[in-house]
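Structural overview for review
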Amino acid sequence: MSVTDSLININGESVQTLEVLFLTTVITLLPSILVMTTSFTRYIISFSFLRTAMGTQQTPPNTVLIGIALFLTLFTMGPTFNAIKTEAYDPYVAEEITQEQFFERAQVPMKDFMIRNTKTNTLKMFCDLADVEMPETISVQTIRSLPIRIIVPAFMTCELQRAFEIGFLLYLPFMLIDIVVSSTLMSMGMIMLPPSMISMPFKLLLFVSLNGWDLLFSRLVQGFK
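The residue numbering used here restarts from 1 in each chain and proceeds along that chain's sequence as written. Given that this is a predicted model, residues contribute local features only at a pLDDT of at least 70 and side-chain atom pairs are listed and counted only at 80 or more, while totals for whole chains, interfaces and linings are drawn from all residues. Calculation of side-chain values draws on the structure's entire complement of heavy atoms; hydrogens and water are dropped beforehand.

**Focus: the packing of aromatic side chains**
Applicable threshold: Pairing of aromatic side chains requires ring centres within 6.5 Å, counting the rings of Phe and Tyr and the six-membered ring of Trp. Pairs whose planes differ by under 30 degrees are stacked, by over 60 edge-to-face, and all others tilted. Elements are defined by DSSP. Helices are runs of H or I of four residues or more, strands are runs of E of two residues or more, and each kind is numbered from the N terminus. The buried label applies to any residue whose accessible area, calculated with a 1.4 Å probe on protein chains only, is under 20% of its type's maximum; exposed applies above 50%, and partly exposed to all values in between. For a Lys NZ or an Arg CZ to count as sitting over a ring, it must be within 6 Å of the ring centre and within 35 degrees of the ring normal.
This model, assessed by the stated rule, comprises 11 aromatic pairs. Each ring, one from Phe-47 and one from Phe-217, has its centre 5.8 Å from the other, and the planes form 70°; the classification is edge-to-face. With Phe-47 in helix H2 (residues 40-54) and Phe-217 in helix H10 (residues 212-222), this pair connects stretches of sequence that are 170 residues apart. You can call Phe-47 buried: its relative accessible area is 1%. In textbook terms, an aromatic cluster arises when at least three aromatic residues are bridged by ring pairs, as seen for Tyr-43, Phe-47, Phe-113, Phe-155, Phe-174, Phe-207, Trp-213, Phe-217 and Phe-224. A cation over a ring is seen here: Arg-42 above Phe-224, with NZ or CZ 3.8 Å from the ring centre.

**Here's the deal with the pattern of salt bridges**
Going by this rule: We count a salt bridge whenever a side-chain nitrogen from Lys or Arg sits within 4 Å of a carboxyl oxygen from Asp or Glu.
In total, this model carries four salt bridges according to the counting rule given. In this structure, the salt-bridge partner of Arg-42 is Glu-159, at a minimum N-O distance of 2.6 Å. Here Arg-42, found in helix H2, pairs with Glu-159, found in helix H8 (residues 148-187); they are 117 residues apart in sequence, far enough to count as distant. Both residues of the pair, Arg-42 and Glu-159, belong to the buried class. For Asp-90, the salt bridge identified is with Lys-85, shortest N-O distance 3.3 Å. The exposure class of Asp-90 is partly exposed, given its relative accessible area of 32%. Taken together, the shared-partner salt bridges connect Arg-42, Glu-159 and Arg-162 into one network.

**Here's the deal with empty space enclosed by the protein**
Short version of the rule: Using a 1 Å grid laid over the protein atoms alone, points where a 1.4 Å probe fits but cannot get out form a cavity; open sets with protein on both sides within 12 Å along at least 5 of 7 lines form a pocket; any residue with an atom within 4 Å of a point counts as lining. Grid points are joined across faces, edges and corners, and a volume is the space filled by probe spheres set on the points. The classification used treats Ala, Val, Leu, Ile, Met, Phe, Trp, Tyr, Cys and Pro as nonpolar, Asp, Glu, Lys and Arg as charged, and all other residues, Gly among them, as polar.
Within the structure shown, the criterion is met by one cavity of 30 Å³ or more. Computed from the structure, the largest cavity encloses a volume of approximately 30 Å³. Lining the largest cavity we find Phe-47, Leu-50, Arg-51, Met-54, Thr-56, Thr-59, Pro-60, Leu-65 and Trp-213. For the lining of the largest cavity, the leading source of residues is H2, giving four residues. Grouping the amino acids of the lining of the largest cavity by side-chain chemistry returns six nonpolar, two polar and one charged.

**Section: the packing of helix H6 (residues 120-130) against H8**
Two packed helices can be described by the angle between their axes and the distance between those axes. Stated precisely, the cut-off is as follows: To get an axis, fit a line to the C-alpha atoms, keeping to the stretch in contact for a helix; angles then go from 0 to 180 degrees between the N-to-C directions. Oblique is the label for any angle not under 35 degrees, not over 145, and not in the 65 to 115 range, which are roughly parallel, roughly antiparallel and roughly perpendicular in turn. Crossing handedness: left-handed means the near helix sits turned counterclockwise from the far one by under a right angle, and right-handed means the same turn made clockwise. We call two residues contacting when some pair of their heavy atoms lies within 4.5 Å.
Two elements in contact, H6 and H8, have axes separated by 9 Å at closest approach and are oriented at 135°. As far as their axial angle goes, H8 and H6 are oblique. The interaxial crossing formed by H6 with H8 has right-handed handedness. Two secondary-structure elements touch here, H6 through Thr-122, Leu-123, Phe-126, Cys-127 and Ala-130 and H8 through Arg-149, Ile-150, Ile-151, Pro-153, Ala-154, Thr-157 and Cys-158.

**Some remarks on H10**
The condition is simple: Arc definition: it is the arc formed by the directions from the helix axis to the C-beta atoms.
Along H10, the residues that are buried comprise Gly-212, Leu-216 and Leu-220. Relative to the axis of H10, the buried residues are bounded by an arc of 55° and lie together on one face.

**A few points about the layout of surface pockets**
Size it by volume and the second largest pocket reaches roughly 410 Å³. Around the second largest pocket sit 17 residues that line it, and Ile-166, Leu-169, Leu-170, Leu-216 and Arg-219 are the ones nearest its centre. Of all the secondary structure elements, the ones that give two or more residues to the lining of the second largest pocket are H2, H8, helix H9 (195-209) and H10. Of all the elements, H8 adds the most residues to the lining of the second largest pocket, at seven residues.

Function-wise, these values are silent; they only describe arrangement.
Here it is, written out as structure tokens:
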């Protein structure tokens, strides 16, 4: 008997071995899939740029940044996850739809979220690379017909671009403080004194006085469509 024809009995139901292997693979890759198809990438990269721009080295630590990014991701993706639960998970648990229908329905809210936050030019580029025809009418409904293998890399590319743009904007005010402090120290002849030692308190004062965390969180969340 071949592997594809062999059956495994799970909860009284006959499931093919390849289906079990597929589910195991999906569960293993689920963290990576969630990271690359949600808002997590933009959050964590922006926080990393902020920490580097402020020159605080490992403060906040990576665990804190990842935790903040995860909870902001849950906050941002809440409507999408609720749609998946209502349209796909609940009917599947109630045995109203099959496993294939569950995956098809679960893709729709994720596709809608990624499409709304993906540039049309980027989608067109990946369609050309995959030799897939781009819909003539550009809308969420028409682009939804594109395969997930095109939408995901296009979304990831746009998220990386936006995260680096945010990092550039975060660097500007702190870089100005470094320039002013370095110029002042050189004019005073204090060349041996590290500028970062003097500029860091001013960076922290600027960030705290402007309520930086609230501004950053609100802008990041509002940046998603």
